[in-house]
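# Inside the fold
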Amino acid sequence: MADQLSPEEKFNLITRNLQEVLGEEKLKQVLQERELKVYWGTATTGKPHVAYFVPMSKIADFLRAGCEVTILFADLHAYLDNMKAPWELLELRVKYYEQVIKAMLESIGVPLEKLRFIKGTDYQLSREYTLDVYRLSSMVTEHDAKKAGAEVVKQVEHPLLSGLLYPGLQALDEEYLKVDAQFGGVDQRKIFTLAEKYLPSLGYAKRAHLMNPMVPGLTGTKMSSSEEDSKIDLLDSKEDVKKKLKKAFCEPGNIQNNGVLSFVKHVLFPLRGEFGIKRDPKWGGDKVYTGFEEVEKDFAEELIHPGDLKASVEVALNQLLDPIRKKFQSPELRKLTNSAYPDPSKTKAGKGAKTAGGGGGGEDDELVPSRLDIRVGKIISVEKHPDADSLFLEKIDVGEPEPRTVVSGLVAYVSQEELQDRTVLVLCNLKPQKMRGIESQAMLLCASVEGEPRRVEPLDPPEGSSPGERVFVEGYESGKADERLNPKKKVWEKLQVDLKISDECVAQWKDRKLLTKLGQITCKTLKGGNIS
């Protein structure tokens, strides 16, 4: 495609949807002579989220315009910015970023062979670069360095010297990556102007700068990795996407600070050239828009309902996320994700915790769901309790030499025949408890909804699950269960209050799915129910 474009058409493609361009004439001059060399850098700190599709869609534009594009994984910057990425995690986070950014680009159809990927520490620790850092630090004032990083570097009461170095290193990257232009968000404008001011003082050329607008997050403010409610993670489930979009700020007729509309403008239209709204015929029926201005106009005039806009964006967004989710289902990438972003509560709990009752968890451990020994079980026999008509007596295979005896109160809700040979979920590390003279050695986990009548259903593991397979909460795969939960500490009771059934009938703990190696735990009908 680039071979068929004139320099003017390439310039228009390169600059479309940008908020600001510094050095337009330089860009036009280069395009008259050769293809443009541009780089985009990302500090490898928090997990990338869906707002990263905004720069990805521009990178797709650059490639269509024939640009030579470099993507910099700025690991050293991640450390310098108030140590947002600990030194020992830098390498793992670079690997995570590389895998997830490549998955994003593949998801939108960008050919990776046209891109150059580079890690900051591959050249930023060299003798030449280090000398240039010292040369630059002898020219840049503390005031200029602080001002340049004000919107990018984390601002704290007692700033570290590292945060003042950050803008200068980003300026030097333009020379060491041998590019004509740097691309970034408009929040980096002050770093870009610092580069334009000081690079010529080192004898280096002034580069052009391409700036994307800052896309509002779901709360109407900047989408940020550190603000959970403002973002949708690239690996969020469809249920999580629906839930977060449902809560997103999208006031009828309000086109200001509307993160849902901004996503349509800066991601969906550049990638697809159109956007479809699905709605009931009585509200106008389905409609396909070929220009964002018409979408914005109809929303401002309340011809598009926020619910219809969110539902249509949800469909389009999940189409982008599905290939990424699929790629990250591999054991290698799941392990990489957990290693690059370890759960802080598990890390804290793992240091010198006292053991309780000889178990894997200790009295000082954090309340994390990995302490629960939940397994897939198969009911091999079920009969009425000899001394209580309201109780069932079940023998359940949980992957041990002998089945466990479980006493449950399911008589009023499920028939004996329905339970026989059924695959279920069993909590195996509660203290055994006598129920009408018979010791119950585990708990059969069920979903329930209060009301008249109360409804109860056993939870369902994925089809093909085998007795003894461990059930874990998403993000807590590697934690070790307590050998036995201390009843005095009420570990189960405190964790159980956050066990719920989603609107899609998926079992969750604090909005994270319960899983086995084969997939998610579900129930048949009890949406919004509790788990006990």
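The structure presented is a predicted model; accordingly, all values stated were derived computationally and were not measured. Just so you know, the residues in each chain are numbered from 1, in the order the chain's sequence is written. Where totals are concerned, whole chains, interfaces and linings use all residues; where local detail is concerned, this predicted model gives features only for residues with pLDDT of at least 70, and gives and counts side-chain atom pairs only at 80 or more. Processing note: side-chain calculations cover all non-hydrogen atoms of the structure and skip hydrogens and water entirely.

## Side note on the nonpolar core
Where a protein is soluble and globular, its nonpolar side chains tend to be buried together. Among buried residues, the Ala, Val, Leu, Ile, Met, Phe, Trp, Tyr and Cys ones that are joined through side-chain atoms within 4.5 Å form a nonpolar core. Note on classification: 1.4 Å probe, protein chains only; a residue is buried when its accessible area is under 20% of the maximum for its type, exposed when over 50%, partly exposed between these limits. F53, I59, I101, L210 and L309 are the most contacted members of the largest nonpolar core, which totals 76 residues. What L210 contacts, discounting residues up to four positions off in sequence, is I14, L18, E20, V21, L27, V38, F62, A181, Q182, F183, G184 and F192. Residues are treated as being in contact if the distance between any of their heavy atoms lies within 4.5 Å.

## Observations regarding the pairing of strand β2 (residues 37-43)
DSSP-based pairing: two strands are paired if at least 2 bridges between them are found. Secondary structure elements are taken from DSSP: a helix is a run of H or I of four residues or more, a strand is a run of E of two residues or more, and numbering for both begins at the N terminus. Looking at chain direction, β2 and strand β3 (residues 68-74) are connected through 7 bridges and run parallel. Paired with G41 across the bridge in β3 is L72. Handedness of a crossover is defined as follows: orient the strands so they point away from the viewer, and if the path from the first strand over the helix to the second runs clockwise, the crossover is right-handed. Each parallel crossover has a hand, and the one from β2 via helix α3 (residues 53-64) to β3 is right-handed. Bridge count between β2 and strand β5 (residues 181-185): 3 bridges; the pairing is parallel. Looking at the pairing, V38 lines up with A181 of β5.

## With respect to unusual backbone geometry
Phi at D421 is positive, roughly 65°, even though this residue is not glycine. Here D421 is to be found in the loop between α16 (416-419) and β12 (423-427). For C505, which is not glycine, the phi torsion reads 65° and is therefore positive. Locating C505 in the fold gives a position in the loop between β19 (499-501) and β20 (507-509). The class for C505 is buried, based on a relative accessible area of 8%.

## Considerations on helix α8 (residues 161-176)
Compared with an ideal rise of 1.5 Å per residue, which puts 16 residues at 22 Å, α8 spans 23 Å between its outermost C-alpha atoms and is within 8% of the ideal. Burial analysis of α8 places 12 of its 16 residues in the buried class, which makes it a mostly covered element. Within α8, burial applies to S162, G163, Y166, P167, G168, L169, Q170, A171, L172, D173, E174 and E175. Residue K178 follows α8 closely and has a positive phi angle near 55°. In this analysis, the expected span of each helix is defined as 1.5 Å times one less than the number of residues it contains.

## With respect to the side chain of S440
If you trace the backbone, S440 turns up in strand β14 (residues 438-440). With relative accessibility at 7%, the residue S440 sits in the buried group.

## Thoughts on the UniProt feature "domain: TRNA-binding" (unreviewed entry) in the protein
UniProt positions are given in the numbering used here, feature names are shortened, and annotations may be inferred rather than shown by experiment. The UniProt entry lists residues 368-472 under the feature "domain: TRNA-binding" (unreviewed entry), expressed in the numbering used here. Strand forms 49% of residues 368-472 and helix 4%; the C-alpha atoms that close the span are 11 Å apart.

## Observations regarding the pattern of salt bridges
The rule for a salt bridge is simple: a side-chain nitrogen of Lys or Arg has to be within 4 Å of a carboxyl oxygen of Asp or Glu. Within this structure, the stated rule accounts for 29 salt bridges. The shortest N-O distance in the salt bridge between D61 and R16 comes to 2.9 Å. In this pair, D61 sits in helix α3 while R16 sits in the loop between α1 (7-15) and β1 (20-22), placing the two residues 45 residues apart along the sequence. Within the structure, one salt-bridge network assembled from shared partners comprises R16, K58, D61 and R64.

## Examining the packing of aromatic side chains
Only the six-membered ring of Trp is used, alongside the rings of Phe and Tyr, when aromatic pairs are assigned; centres must lie within 6.5 Å, and planes under 30 degrees apart are stacked while those over 60 apart are edge-to-face, with the rest tilted. What the rule picks out here adds up to 11 aromatic pairs. A centroid spacing of 5.2 Å and a plane angle of 75° characterise the contact between Y96 and Y341, whose relative ring orientation is edge-to-face. Here Y96 is found in helix α5 (residues 90-107), whereas its partner Y341 is found in the loop between α14 (331-340) and α15 (344-349), with 245 residues between them in sequence. For Y96, a relative accessible area of 1% gives the class buried. On the basis of relative accessible area, Y341 is assigned to the buried category, the value being 16%. Ring geometry for Y476 versus W509: centroids 5.7 Å apart, planes at 90°, classification edge-to-face. Highlighted residues: Y476 in the loop between β18 (470-473) and α17 (491-496) and W509 in strand β20, separated in sequence by 33 residues. The burial state of Y476 is the same as that of W509; both residues are buried. Within the aromatic cluster, the residues linked to one another by ring pairs are W40, Y52 and Y97.

## Concerning the domain arrangement of the protein
Reports of interface size often rely on the accessible area that becomes lost once the parts have come together. For each domain, the first and last residues come from an automatic or database assignment. You can read the domains of the protein as domain 1 (7-212), domain 2 (238-315) and domain 3 (369-531). Computed from C-alpha atoms alone, the centre-to-centre distance between domain 2 and domain 3 is 41 Å. On the domain 3 side, the residues contacting the 5 residues of domain 2 number 8 residues. For the domain 2 and domain 3 pair, buried surface summed over both sides reaches about 460 Å², with 33% attributable to carbon and sulfur atoms. Buried area counts how much accessible surface, traced with a 1.4 Å probe, disappears from two parts once they are put together, with both parts' losses summed. It is E239, D240 and K243 in domain 2 that bury the most area against domain 3; as a group they hold 83% of the surface buried on that side. Where domain 2 packs against domain 3, one counts 1 salt bridge. D511 serves as the salt-bridge partner of K243, at 2.6 Å between the closest nitrogen and oxygen. What qualifies as a polar contact is a pair of N or O atoms within 3.5 Å, subject to a donor-acceptor requirement within protein and to the restriction that residues adjacent in sequence count only when both atoms come from side chains. At the boundary of domain 2 with domain 3, the tally comes to 2 residue pairs in polar contact (both at pLDDT 80 or more). Side-chain classes are defined by residue name, with Ala, Val, Leu, Ile, Met, Phe, Trp, Tyr, Cys and Pro counting as nonpolar, Asp, Glu, Lys and Arg as charged, and the others, Gly among them, as polar. Split by residue class, the side of domain 2 that touches domain 3 holds no nonpolar, no polar and 5 charged.

## Here's the deal with the packing of α3 against helix α11 (residues 259-272)
At their nearest, the axes of α3 and α11 sit 9 Å apart, and the two run at 35° to each other. Considering the relative orientation of α3 and α11, their crossing is left-handed. Contact residues: F53, V54, S57 and R64 in α3; F263, H266, V267, P270 and L271 in α11. Orientation is described by axes fitted as lines to C-alpha atoms, over the contacting stretch for helices, and by angles from 0 to 180 degrees between their N-to-C directions. Two helices crossing with the near one rotated counterclockwise from the far one by less than a right angle form a left-handed crossing, whereas a clockwise rotation gives a right-handed crossing.

## Here's the deal with the sheet that holds β2
In spatial order, the strands read β1-β6-β5-β2-β3-β4; together these 6 strands make up an open sheet with mixed pairing. What marks the edges here is a single partner per strand, and that holds for β1 and β4 (115-119). On average, each strand axis in the sheet is inclined to that of its neighbour by 20°, with strand direction left out of account. Packed onto the sheet, helix α9 (residues 189-198) meets β1, β5 and β6 (208-212) and runs at close to 180° relative to β6.

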